[in-house]
Amino acid sequence: MKHYSNLVAGEWVEEADSVENINPSNTQDVIGKYARADTRTVDQAVAAARNVFGEWSGSSPQFRHDILEATGATIMSRREELGRLLSREEGKTLAEGVGEVTRAAQIFKFFAGETLRLAGDVLPSVRAGVDVLVEREAIGTVGLITPWNFPIAIPAWKVAPALAYGNCVILKPAELAPGCAWEIANILLQSGCPAGVFNLVMGSGRQTGKRLVEHPGIDAISFTGSVPTGHEIAVKCAETGKRVQLEMGGKNPMVVLDDADMEVAVDACLNGAFFSTGQRCTASSRLIVTESIHDSFLEKLTLAAGKLVVGDALDSSSQIGPVVDRTQLEQNLSYVALAREEGCTVTGGEVIDGPGFYQRPAVFAGANNQMRSAREEIFGPCASVIRVADYDEALQTANDTEFGLSAGICTRSLKFANHFRRNVKSGMVMINLPTAGVDYHVPFGGRKGSSYGPREQGAYAREFYTIVKTTYQAA
Ligand code: NDP
């Protein structure tokens, strides 16, 4: 079985401990053994990064551009093979896996261009004969902690801007799906990224991640994952004076109004709630439907969900792959049971026998917004259908949540679409589109309990990955 090492100071480093990366479609299929960094490896990675920061942050933007461009080009040229790896380790369908790898390539190419666009400002001073310059500089050495559900796109959208703006990087991917992160490390190395500029420390959150967050040599942490871990990290970053960015959960509402195009609404809800096995922070987990359309919408959604083909991620007929692991499957099943206890009529949600963690999509009919099954993030193929009287109640229900990542509305009314866009409390709004599925050149992030700190992606990523310097200069 192939053994995958960590990357520190440009060298592949062996560890005493390792973990098997298991295919959730078929648990007999082991992708490889992946090293687990101990605290000494993290310390060496931080030292290596700090050692080269001056040279890297002072390097020509063209130099950084060429490395990121080559990385993007290689990922793009290997997208079928890497997409297969992604589907094998995470469980999303092959089409979704190849799509995510393509996205990672586009992100590297976008940030290659961003190296050349880091503009500042020159302003006249309030004092005669003085100029004021406002410039952006790299922050330093950044720790990037990523989850399993987008094992190549999320590392890409953190690593690419960090490097583009001149920071050195230590990446800690999720132990459940480290394969794609290892490939990014290898491709960056082959693309000429200097030793120490990018370091990979695979390992557990409790050991490797914790050390990264606590390390005094780390200047900033960008994290995507669960709410409790995010909060723990934020506290530690505040204690140690680090800049921090958190992307966490969602309980995203999709409003369906009486005047919606039924086909558009059912497609958007089906995609938003169940594709990628519902394992997306932007998944539509609350479907808020107005009175007159409710019953026929529920009937069509339930019928369509029942027809979705759940199976091996690499089988081209599968529309939904497996749940990522046994723990997540058990979490999903406990919420299916809870929804029933709370009075919902549940259709689907059963486990399908097989060599992996297969579960049918679950529709929780008769839900209300006070139920725990409608308030807590499940992170599986489960959606609550909530009946409301009218648009006003739909908007109020959409906003009645501790989260605020993505929110959608299906309507043919420009008046309601515009009102919703202006009044829904979320970072992203989707009109007649699924709540999941975003572009890479515009900001990504949420409000309330979903996010903390500046936005990710697009040129807005510079708010986190650079720091501003103001210079006063006598003429
Ligand atoms: P976690 O928040 O536990 O993990 C996210 C990342 O943080 C992983 O790399 C993890 O390492 C690491 N980590 C865990 N604990 C620490 C720590 N104390 N210090 C530093 N790093 C740490 O999420 P899980 O992957 O365990 O998923 C649990 C739940 O989180 C899901 O069921 C879902 O509800 C939610 N989730 C939300 C996501 C989102 O995008 N909103 C993404 C993924 C999960 P490792 O896992 O390797 O131990």
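Residues numbered from 1 in each chain as written. Predicted model: local features only at pLDDT ≥ 70, side-chain atom pairs only at ≥ 80, totals over all residues. Heavy atoms only, no water.

Draft legend 1. Molecular detail of the site of the ligand. Around the ligand lies a shell of 29 residues, among which Glu175, Gly205, Ser226, Met248 and Gln328 are the nearest. In this structure, an oxygen atom belonging to the ligand sits 2.9 Å away from a side-chain N or O atom of Lys172. For the ligand, an oxygen atom lies 2.7 Å from a polar atom in the backbone of Glu175. Contact with the protein chains removes 86% of the 850 Å² of surface that the ligand exposes when unbound. Contributions of two or more residues to the shell around the ligand are made by α7 (205-214), β11 (220-224), α8 (227-239) and α11 (326-341). Here the shell around the ligand takes 4 residues from α7, the largest share from any one element. Here the residues of the shell around the ligand sort into 10 nonpolar, 13 polar and 6 charged. Two domains each provide a minimum of three residues to the shell around the ligand, namely domain 1 (3-248 + 441-474) and domain 2 (252-431). (Near = heavy atom within 4 Å. Polar contact = N/O pair within 3.5 Å; in protein donor to acceptor, adjacent residues only side chain to side chain. Areas by Shrake-Rupley, 256 points an atom, 1.4 Å probe, with all protein chains shown as cover. Helix = DSSP H or I, 4+ residues; strand = E, 2+ residues; numbered from the N terminus. Nonpolar A, V, L, I, M, F, W, Y, C, P; charged D, E, K, R; others polar. Domains from an automatic or database assignment.)

Draft legend 2. Broad picture of the packing of aromatic side chains. Per the stated rule, a full pass over the model turns up 11 aromatic pairs. For the ring pair Trp56 and Phe63, a centre distance of 6.1 Å and an interplane angle of 70° mean the geometry is edge-to-face. Taking the centre distance of 5.2 Å and the plane angle of 45° together, the rings of Trp157 and Phe444 count as tilted. One end of the pair, Trp157, is in helix α5 (residues 153-164); the other, Phe444, is in the loop between β21 (428-431) and β22 (451-452), with 287 residues separating them in the sequence. In this structure, Trp157 and Phe444 share a single accessibility class: buried. Grouped by ring-pair contacts, the aromatic residues Tyr4, Trp12, Tyr34 and Trp182 constitute a single cluster. A cation sits over an aromatic face here: Lys92 above Phe150, 3.7 Å from the ring centre. One Lys or Arg, Arg117, reaches over the ring of Phe110 and ends 5.9 Å from the middle of that ring. (Phe/Tyr/Trp six-rings, centres within 6.5 Å; stacked < 30°, edge-to-face > 60°. Buried < 20%, exposed > 50% of the residue type's maximum accessible area, 1.4 Å probe, protein only. Lys NZ or Arg CZ within 6 Å of the ring centre and 35° of its normal.)

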